Amino acid sequence: MIEPCISVLICSINAAKYARVTASYERLLASYPHEIIGIHDARSLAEGYNRAVQASRGEWLLFSHDDVEIVSSDLAPAILRGFPPRPFLRNGRSRACRWRRRMRSCGSSRSSAW
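These figures come from a predicted structure and were not determined experimentally. Here the residue index of a chain counts from 1 through its sequence in written order. Whole-chain, interface and lining totals are the exception, using all residues; otherwise, since this is a predicted model, local features are given only for residues with pLDDT of at least 70 and side-chain atom pairs are given and counted only at 80 or more. In computing side-chain values, all of the structure's heavy atoms are included and hydrogens and water are not.

### Here's the deal with the nonpolar core
Then step 1. Note on terminology: a nonpolar core comprises buried Ala, Val, Leu, Ile, Met, Phe, Trp, Tyr and Cys residues joined through side-chain atoms within 4.5 Å. Exposure categories follow from relative accessible area, calculated using a 1.4 Å probe and restricted to protein chains: below 20% of the type maximum is buried, above 50% is exposed, and the middle band is partly exposed. If you look at the biggest cluster of nonpolar residues, it comprises 15 residues, and the most contacted ones within it are Ile6, Val8, Ile10, Tyr25, Leu29 and Leu75.
Then step 2. Here a helix means four or more residues in a row that DSSP labels H or I, a strand means two or more in a row labelled E, and each is numbered from the N terminus. Secondary structure elements with two or more residues in this core: strand E1 (6–11), helix H1 (15–28), strand E3 (60–64) and helix H3 (75–82).
Then step 3. Per-element accounting of this core gives the leading share, four residues, to H1.
Then step 4. Membership of the second largest hydrophobic core comes to eight residues, among which are Leu9, Ile37, Tyr49 and Ala52.

Written out as structure tokens, the structure reads:
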């Protein structure tokens, strides 16, 4: 089994939006190892994304809403060349917060079922 390289983390309470954005990511990332983790029952975005981070296995984390449309066809290469992987995350503590801070300083397939 190949470990996913990119983890797409999506919080969504709308099945149609989730299906649409998941299909888009599957198409854009088809040539790259990836996983898509959907959280559908979170009380807040923070809780949902933290749960998704805990479940993720990828080196790169892509936090996404369910209503985005990616217009670039080179999403994966842009992620891989634009951001470092997450080796600085340790033992699951404050992983999302550390990643968010790191993302700010850098600049700007498993799919869950309903």
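### Digging into the pairing of E1
Then step 1. Along E1, six of the six residues are buried, which leaves the element largely enclosed by surrounding structure.
Then step 2. Residues Ile6, Val8 and Ile10 point to one face of E1 and Ser7, Leu9 and Cys11 to the other, with burial holding for every one of them.
Then step 3. Pairing between two strands requires that DSSP report at least two bridges joining them. Bridging between E1 and strand E2 (residues 34–39) involves six bridges; their strand directions are parallel. In the sheet register, Ser7 faces E2, and the bridge partner there is Glu35.
Then step 4. Here is how to tell: hold the view so the strands point away, follow the path from the first strand over the helix to the second, and if it runs clockwise the crossover is right-handed. Crossover handedness for the path E1 to H1 to E2: right-handed.
Then step 5. Sheet analysis places E1 next to E3, joined by five bridges and oriented parallel. Directly across from Leu9, in E3, lies its bridge partner Phe63.

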